[in-house]
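# Chains, contacts and geometry: an overview
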Amino acid sequence: MAADSLVKVIFEHEGVFIHPGGDEDGIEQDLLISGSLRIVDKDAEIIVEYRPLEETVDPSNMLCAGKDSSSVVEWDQCSGARSHQLLETQHSYETEWDMVNAVSFKKKACTNGEGALNHSHERSRWALTFSVGDLRSITVKVEGWTFLVFRLKESSASLPALHFHQGGSKEFLDSLRRFALLSEAPDDETCLLVSTPNKALSQSFENLLDDNNFGLVHKLRKDPYVTTLGGFSKVTNYIFDAFRGTEEQHQRPPEEVADLLGEVIPGLEINQQEEPGFEVITRIDLGTRPQVTRREPLSAEAWTKHQDPEGRMTNIPRLQQVIFKGGLCHAVRKEAWKFLLGYFPWASTMEERKALQRAKTDEYFRMKLQWKSVSEEQERRNSRLRDYRSLIEKDVNRTDRTNRFYEGIDNPGLVLLHDILMTYCMYDFDLGYVQGMSDLLSPILYVMENEVDAFWCFVSFMDQMHQNFEEQMQGMKTQLIQLSTLLRLLDLAFWNYLESQDSGYLYFCFRWLLIRFKRELSFQDVLRLWEVMWTGLPCQNFHLLVCCAILDSEKQKIMEENYGFNEILKHINELSMKLDIEEILQKAEGISLQIQSCKDLPRSISVILGFDTDVSGSDPTDSGSPPAPRPAQRPDACSNGHGHLRETSSHNSCKVAFTS
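Residues numbered from 1 in each chain as written. Predicted model: local features only at pLDDT ≥ 70, side-chain atom pairs only at ≥ 80, totals over all residues. Heavy atoms only, no water.

A few words on the packing of helix H21 (residues 542-560) against helix H22 (residues 565-573). At their nearest, the axes of H21 and H22 sit 12 Å apart, and the two run at 135° to each other. With respect to H22, the element H21 is oriented oblique. Every pair of crossing elements has a handedness; the one defined by H21 and H22 is right-handed. Facing Leu551, Glu554, Lys557 and Ile558 of H21, the residues of H22 in contact are Ile568, His571 and Ile572. (Axes fitted to C-alpha atoms, helices over the stretch in contact; angles between N-to-C directions. Helix = DSSP H or I, 4+ residues; strand = E, 2+ residues; numbered from the N terminus. Parallel < 35°, antiparallel > 145°, perpendicular 65-115°, else oblique. Left-handed = near helix turned anticlockwise from the far one by under 90°. Contact = heavy atoms within 4.5 Å.)

Per-residue confidence for the protein averages 74 on the pLDDT scale, and 66% of its residues sit at or above 70. Contacts of residues 197-280 to residues separated by more than four positions or lying in other chains number 204 contacts, the stretch itself having pLDDT below 50. (pLDDT = per-residue confidence, 0-100.)

A cluster of acidic residues, Glu184, Asp187, Asp188 and Glu189, forms a negative patch at the surface. Within the secondary structure, Asp187 sits in the loop between strand S12 (182-185) and strand S13 (188-194). (Patch = residues over 30% accessible without salt bridge, like charges linked within 9 Å, V, L, I, M, F, W, Y side chains within 5 Å. Areas by Shrake-Rupley, 256 points an atom, 1.4 Å probe, with all protein chains shown as cover. Salt bridge = Lys/Arg side-chain N within 4 Å of Asp/Glu carboxyl O. Lys, Arg positive; Asp, Glu negative; His and termini not counted. Charge placed at Lys NZ, Arg CZ, Asp CG, Glu CD.)

Let us now look at the nonpolar core. Ile444, Phe469, Phe542 and Ile595 are the most contacted members of the largest nonpolar core, which totals 122 residues. Setting aside its immediate chain neighbours within four residues, Ile444 contacts Trp337, Leu341, Ala454, Cys457, Phe458, Phe461 and Trp534. Of all hydrophobic cores here, the second largest spans 29 residues; its members include Phe11, Ile46, Val48 and Phe164. (Core = buried A, V, L, I, M, F, W, Y, C linked by side-chain atoms within 4.5 Å. Buried < 20%, exposed > 50% of the residue type's maximum accessible area, 1.4 Å probe, protein only.)

The subject of this paragraph is the pairing of strand S3 (residues 45-52). With six of eight residues buried, S3 is to be regarded as a mostly interior element. Bridge analysis of strand S2 (residues 33-42) against S3 gives eight bridges, and the strand direction is antiparallel. By the bridge assignment, Ser36 is partnered in S3 with Arg51. Hairpin connection from S2 to S3: two residues lie between these consecutive antiparallel strands, with Asp43 at a positive phi of about 50°. Inspection of the sheet shows S3 paired to strand S8 (residues 128-131) by four bridges, in the antiparallel sense. Pairing of Glu49 across the sheet is with Thr129, part of S8. (Pairing = 2+ DSSP bridges.)

Okay, structure coming up:
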């Protein structure tokens, strides 16, 4: 019983058959093995189980629906035996016709007790159990019904095919996709290749966001993708060993390292292959970095002066510049953040904003009612909603609990946090909830102190951050490549040092980018950093320059102490809550001005920072338009379909290529 309590059933479907065939001795040709198929979570390992039922099935007694789905006919009815069982038909997406949701069969007659033992042995013979991590491919075939053929990584032979006479294969594959990436084989459209489980992205960033769970290297080796996103100390040994190889091996070449990283974190492969069209960036003299100063936060009085009698915001470029240089006093944040995030249009009047809030309130509560009105019985049949709720409840109970707004038992702030995240699942059900999103909502709710306003501001923020949480990780991949490109331009010697320590991929910055430094800074510093970044100034992807500023401050210690791979990860991890936000913003702004003043700036850098138009000598705040909705993932900066950035390295030059 204790073991059962550790097992979570994720998917279960009865009426799945194995056709043993007639070639093996002692097996009747028409015999079908009926059983149940499950996907279960056993101690963080995802297992697929097939268990035959107590009785084997004779297809001569099996019932199926006619093509018109209106009548149930028997395949080959046994004389004198008719089933009086009520058979309810259900639509199956497997074929163009329906199958019944129950199977009628007769028991095989046993002349003595030995027969029962034979049947028990036959059932155990066809039982299947394997880990999703051991799965190499799934072949999907349709012959009146769908059947699946599984092939494991360590075996050249296939497992017995599982036949879904009653439907359910689509639901099974959908459930499996929550923990594995299934991609069509290039040479066989019926074959789905299974890559390393992606539970960490589709369901859990828990380990990444929890620095206190150390000593999990054995889990990394067992299931690296689930655990790779854990605290940096947990990543260290696994990736270090992966990069270095065994003691008998020499250091792996760059292209092999790239392949290995692709296995460890699917979607984050960095292609090292040189191709025609590379832009060679030699050492560039960026000149002296300008000294900049920060200012006082914008006061409530100053904010009011930027409104006309009807409530429209005026002199918006100047207002954005003031916010960028000093942030906001807390009394202004509740209103100003709505403009910065795009919830309120800058040119709207007070009356227009009131009308907008009324409409958005109605829309919010309609969506909230959708999940509130789901009965327990309905939720039992909706595994995705059930999983979203479970993850949200788990995360809410540990999000910023030291903050007075969320501390204590039965805190109303936690209820609002939960309800907003559940409603967001209704707003974007495809993405739903991924761990880490509660970290993005918490500061917004803290500032807004209003459920509806917090929701719509969160929606706007998620428009910027959406790609960070998608299964393919395209947003994270893009940002890491861009960050590496920027660091090479700013400090090639430091970048070369990091590369020599197998750290040129900058994966130690992963958490910084994922949740915008939420776990690196104090709560109040997070508020300041986010409002500064939301101005869209002084350039696109300013958060990447914030990363560069932090690394610039730490490079001397890293290089002088001759830190290796493990030490670099440990050092970066220990910076949490020790960073000076004003110093970082000051340095990041200086870096931006230094890069922008370069006359021969490589186009790749211009694209990343949004300098690809002629802005030489102009004030970056001259434009009165608000920042782009998704400044962190602009489509022209290395995203799929708009040019893919590839990189190679050299001690004497930087090479950046755009391939279409």
